[in-house]
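Listed below, chain by chain, are the residues.
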Amino acid sequence: MSKKVKNIPCDLCLSRRKSMFNELPQEALCALSERKSTISHNKGQILFLEGTLPMGLFCISEGKVKVFKTDDSGREQIVRLAQAGDFLGYRALLSGENYNSSATILEEAKVCFIPKSSFTELVVKDISFQNKLMQAVCHDLGVMEQKMADMASKNVRQRLATTLLMLKNTYGIDGEKHTEIDIALTREDLAQMVGTATETVIRLLSEFKKDNLIEIKGKKISIVDKEGLAKEINLFA
């Protein structure tokens with residue numbers, strides 16, 4: 001169930017320091033704080049749907065969000081995992097188009113919603129913020145191009161190794177002997193990220209575990225040998 005909660009002023013928000021709002025002037029931060037609303041979401045709730053019209057910008061204050069596309073057969077493909085400080089929906093707002101993907105809450109989250117008018121006003125007034133947005137759009141395009149290239153050139157085993165290393169770099173918590181991936185992903189989620197069947201991911205994870213590349217405890221995966229996983233990626237190159 002979603003519910004509106006008390007707004008934290010943008011200038012006091014810890015997540016802002018990791019976002020494109022980090023260097024906004026105080027006046028702009030105050031204006032955003034007055035106009036935004038903060039919503040608390042439970043796991044599994046829908047944030048927005050592919051094909052619908054964007055009404056504003058989503059900024060993640062706490063938690064994690066899964067962004068995915070659905071093909072004609074109804075199969076989901078995860079295109080992004082967003083976390084605190086990330087923006088969602090800005091490309092659709094800038095282009096004036098409908099969302100080309102959907103988003104659901106992966107872990108309990110607080111998400112700030114900034115109305116389209118406030119976002120547009122900020123873009124027009126702040127040249128530095130404009131530049132950051134353009135850089136973000138270009139970065140996202142580069143990531144998508146690389147993902148498409150990987151899908152075409154790498155086999156499933158290589159794509160899974162790539163995904164595990166990416167998750168380690170983004171969500172990894174270092175321990176004495178391994179790095180735990182601190183995000184609640186199901187095997188189906190992993191399969192959607194890799195672009196394969198859930199059964200294939202389960203089999204390959206078992207193989208990686210047997211080869212002492214990873215450890216598995218329940219749904220949690222830990223990276224034991226990152227160099228070994230990196231070798232998997234280039235094994236057939």
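On a predicted model such as this, the values are computed, not experimentally measured, just so you know. (Residues numbered from 1 in each chain as written. Predicted model: local features only at pLDDT ≥ 70, side-chain atom pairs only at ≥ 80, totals over all residues. Heavy atoms only, no water.)

### Description of the UniProt feature "domain: Cyclic nucleotide-binding" (unreviewed entry) in the protein chain
In the numbering used here, UniProt assigns the feature "domain: Cyclic nucleotide-binding" (unreviewed entry) to residues 20–140. In this annotation, residues 20–140 is assigned 33% helix and 39% strand; the end-to-end C-alpha distance for the span is 14 Å. (UniProt positions renumbered as here; feature names shortened; annotations may be inferred. Helix = DSSP H or I, 4+ residues; strand = E, 2+ residues; numbered from the N terminus.)

### Regarding the sheet that holds strand 11 (residues 220–223)
Judged by pairing direction, the sheet is antiparallel, and its 4 strands sit side by side in the order 8-9-11-10 without closing on themselves. Either end of the sheet is taken by a strand with one partner, and the two such strands are strand 8 (172–174) and strand 10 (214–217). The mean inter-strand angle of the sheet, taken between neighbouring strand axes irrespective of direction, is 25 degrees. As paired elements, strand 8 and strand 9 (residues 179–181) share 3 bridges and run antiparallel to each other. Each residue of the ladder has a partner; that of I173, found in strand 9, is E180. Running over the sheet, helix 7 (residues 198–210) touches strand 10 and strand 11 and is turned about 120 degrees from strand 10. (Pairing = 2+ DSSP bridges. Axes fitted to C-alpha atoms, helices over the stretch in contact; angles between N-to-C directions. Contact = heavy atoms within 4.5 Å.)

### Some remarks on the packing of aromatic side chains
Under the defined criterion, the tally for this structure stands at 6 aromatic pairs. Here a set of aromatic residues connected by ring pairs shows up, and it is made of F21, F87, F119 and F129. Positioned over the ring face of F68 is K66, at 5.5 Å from the centre of the ring. Here the guanidinium or amino end of R91 rests over the ring plane of Y90, the centre of that ring lying 5.6 Å away. (Phe/Tyr/Trp six-rings, centres within 6.5 Å; stacked < 30°, edge-to-face > 60°. Lys NZ or Arg CZ within 6 Å of the ring centre and 35° of its normal.)

### Description of the packing of helix 3 (residues 116–125) against helix 4 (residues 127–153)
Two measures define how a pair of helices packs: the angle their axes make with one another and the distance between the axes. Look at helix 3 against helix 4: their axes get within 5 Å of each other, and the N-to-C directions meet at 105 degrees. On the basis of their axis angle, the class for helix 3 and helix 4 is roughly perpendicular. Contacts between helix 3 and helix 4 involve F119, L122, V123, V124 and K125 from the first element and I127, F129, Q130 and L133 from the second. A per-class count over the contact of helix 3 with helix 4 returns 7 nonpolar, 1 polar and 1 charged. (Parallel < 35°, antiparallel > 145°, perpendicular 65-115°, else oblique. Nonpolar A, V, L, I, M, F, W, Y, C, P; charged D, E, K, R; others polar.)

### Observations regarding the pairing of strand 2 (residues 37–41)
For a regular strand, side chains alternate in direction, first toward one face of the sheet and then toward the other. Judged by how many residues are buried, strand 2 sits mostly within the fold: 5 of 5 residues are covered. Residues S37, I39 and H41 point to one face of strand 2 and T38 and S40 to the other, with burial holding for every one of them. Bridging between strand 2 and strand 7 (residues 102–115) involves 5 bridges; their strand directions are antiparallel. Note on strand 7: the bridge partner recorded for H41 is A109. (Buried < 20%, exposed > 50% of the residue type's maximum accessible area, 1.4 Å probe, protein only.)

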